[in-house]
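Notes for the structure review
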Amino acid sequence: MSDYFISTDSTYDMPESYREEHNLLVHPLFYTINDSVYGGEHDMDIKEFYARLRKGEIATTMATNLEDAAARFRAVLERGGDILHIGFSSALSSSYNNAAVAAAELQKEFPERKIRCIDSLCASMGQGLLVHYAVQKRAEGMPIDELADWLEENKLHFCHQFTVDDLHFLQRGGRISKTVAVLGTMINVKPVLHVDNEGRLVPLKNVRGRRKALTALVDNMAEQIPGFRNDTIFISHGDCEEDARFVGKLVSERFGITDIRYNYVSPTIGSHSGPGTVALFFVGKER
């Protein structure tokens, strides 16, 4: 049977219309700015969020807690549904681990139901792209256990390429030193990063200038996609749609891909990557 719910965290960075269209169970991750809590039904307009970051306000993020995950799972199980949960990378948040613990406890209470949890090792619309493939395969009739196994076998082929505009956000998150952030800003160095096989956001290389960094995302894609089909790719951005569209134009020109979907980097990830982030997601031979 392919009649089951697909569940994921709000860090999959897809629009609300996508959740509604595919009847997804989405677990909101919350964040704070100036002691006010946002997320879920009480969220901030995304452009306001990035405007406040540009003014120097600092956002702190929170994982989905065990009790909230259990409550959302329980509501589905009590209606007789099975659940395939695709969680935000465990290397970036405890959300996946909390969901897995909740699922294990509920499995004892509902032994007749299936709850499969997948650590996506993905972030932002890379997680969204993995969910998108899962949605398609469910629609094709793939059973829950077969799809869970497919996701485990293929998730490391979902490639993430990022660049950021403001090095100080990476410095606050401990990914680069303060000295590197200051010197890099002075000489206009822009890092290119990726999510590795452990689900961590790590640097790949540095280039000089914003346009070269954006082009490098597509150059890296060219190295990874031979032998893999990419009918659809995703691009997310930290309130810099023009730059995201520039990357999309390069992808379309170089590879003939026309189904390119754009959305904002959500606050959970944008708090650490900052305004000006551009991220490119596709399927390739390795991360």
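These remarks concern the structure in this document. Just so you know, these numbers come straight off a predicted model, no measurement behind them. (Residues numbered from 1 in each chain as written. Predicted model: local features only at pLDDT ≥ 70, side-chain atom pairs only at ≥ 80, totals over all residues. Heavy atoms only, no water.)

Turning to the overall build of the protein, a few remarks are in order. Within the protein, the regular secondary structure consists of 11 helices and 13 strands. Relative to the compact-globule value of 19 Å for 287 residues, the protein shows a C-alpha radius of gyration of 19 Å, a close match. Summarising its shape, the C-alpha atoms of the protein cover approximately 60 × 50 × 30 Å along the three principal directions. The buried share among the 287 residues of the protein stands at 55%. Contacts spanning at least 24 positions in sequence make up 76% of the contacts within the protein whose residues lie at least 6 apart. Element-wise, carbon and sulfur atoms account for 48% of the exposed surface of the protein, whose accessible area totals about 12,800 Å². Computed over 32 positive and 40 negative side-chain charges, the inter-centroid distance for the protein is 6 Å. (Helix = DSSP H or I, 4+ residues; strand = E, 2+ residues; numbered from the N terminus. Rg over C-alpha atoms; globule rule 2.2 N^0.38 Å. Buried < 20%, exposed > 50% of the residue type's maximum accessible area, 1.4 Å probe, protein only. Contact = heavy atoms within 4.5 Å. Areas by Shrake-Rupley, 256 points an atom, 1.4 Å probe, with all protein chains shown as cover. Lys, Arg positive; Asp, Glu negative; His and termini not counted. Charge placed at Lys NZ, Arg CZ, Asp CG, Glu CD.)

Note that Glu-57 resides in the loop between helix 2 (46-54) and strand 5 (59-61). Sequence separation between Glu-57 and Ser-236 is 179 residues, and the spatial gap between their C-alpha atoms is 22 Å. Not counting the four nearest positions on each side in its chain, Glu-57 is found in contact with Ile-33, Asn-34 and Arg-52. A polar contact of 2.8 Å, which involves the side chain of Glu-57, links it to the side chain of Asn-34. Engagement of the side chain of Glu-57 in a polar contact is seen with the side chain of Arg-52, the distance being 3.0 Å. (Polar contact = N/O pair within 3.5 Å; in protein donor to acceptor, adjacent residues only side chain to side chain.)

Another aspect to go through is the sheet that holds strand 7 (residues 115-119). Pairing is parallel across the open sheet formed by 4 strands, whose spatial order is 2-1-6-7. Looking at strand neighbours, the two that pair on one side only are strand 2 (25-27) and strand 7, the edges of this open sheet. Going from strand to strand, the sheet's axes swing by 20° on average, the running direction of each strand aside. In terms of strand pairing, strand 6 (residues 83-87) meets strand 7 through 5 bridges, oriented parallel. For His-85, the partnering residue across the bridge sits in strand 7 and is Cys-117. Running at roughly 170° to strand 2, helix 3 (residues 66-78) makes contact with strand 1 (5-9), strand 2, strand 6 and strand 7 of the sheet. Sitting on the sheet, helix 5 (residues 124-139) touches strand 1 and strand 6, and the angle it makes with strand 1 is about 180°. (Pairing = 2+ DSSP bridges. Axes fitted to C-alpha atoms, helices over the stretch in contact; angles between N-to-C directions.)

According to the stated counting rule, one finds 7 aromatic pairs in the structure shown. Relative to Phe-281, the ring of Phe-162 lies with its centre 5.7 Å away and its plane at 85°, an arrangement referred to as edge-to-face. Placement of Phe-162 in strand 8 (residues 158-163) and of Phe-281 in strand 13 (residues 278-283) is noted, with a sequence separation of 119 residues between them. Taken together through their ring pairs, the aromatic side chains of Tyr-31, Tyr-38, Phe-49 and Tyr-50 make up a single cluster. The ring centre of Phe-246 lies 4.0 Å from the NZ or CZ of Arg-211, which sits over that ring. Against the face of Tyr-262 rests Arg-245, its NZ or CZ located 3.9 Å from the ring centre. (Phe/Tyr/Trp six-rings, centres within 6.5 Å; stacked < 30°, edge-to-face > 60°. Lys NZ or Arg CZ within 6 Å of the ring centre and 35° of its normal.)

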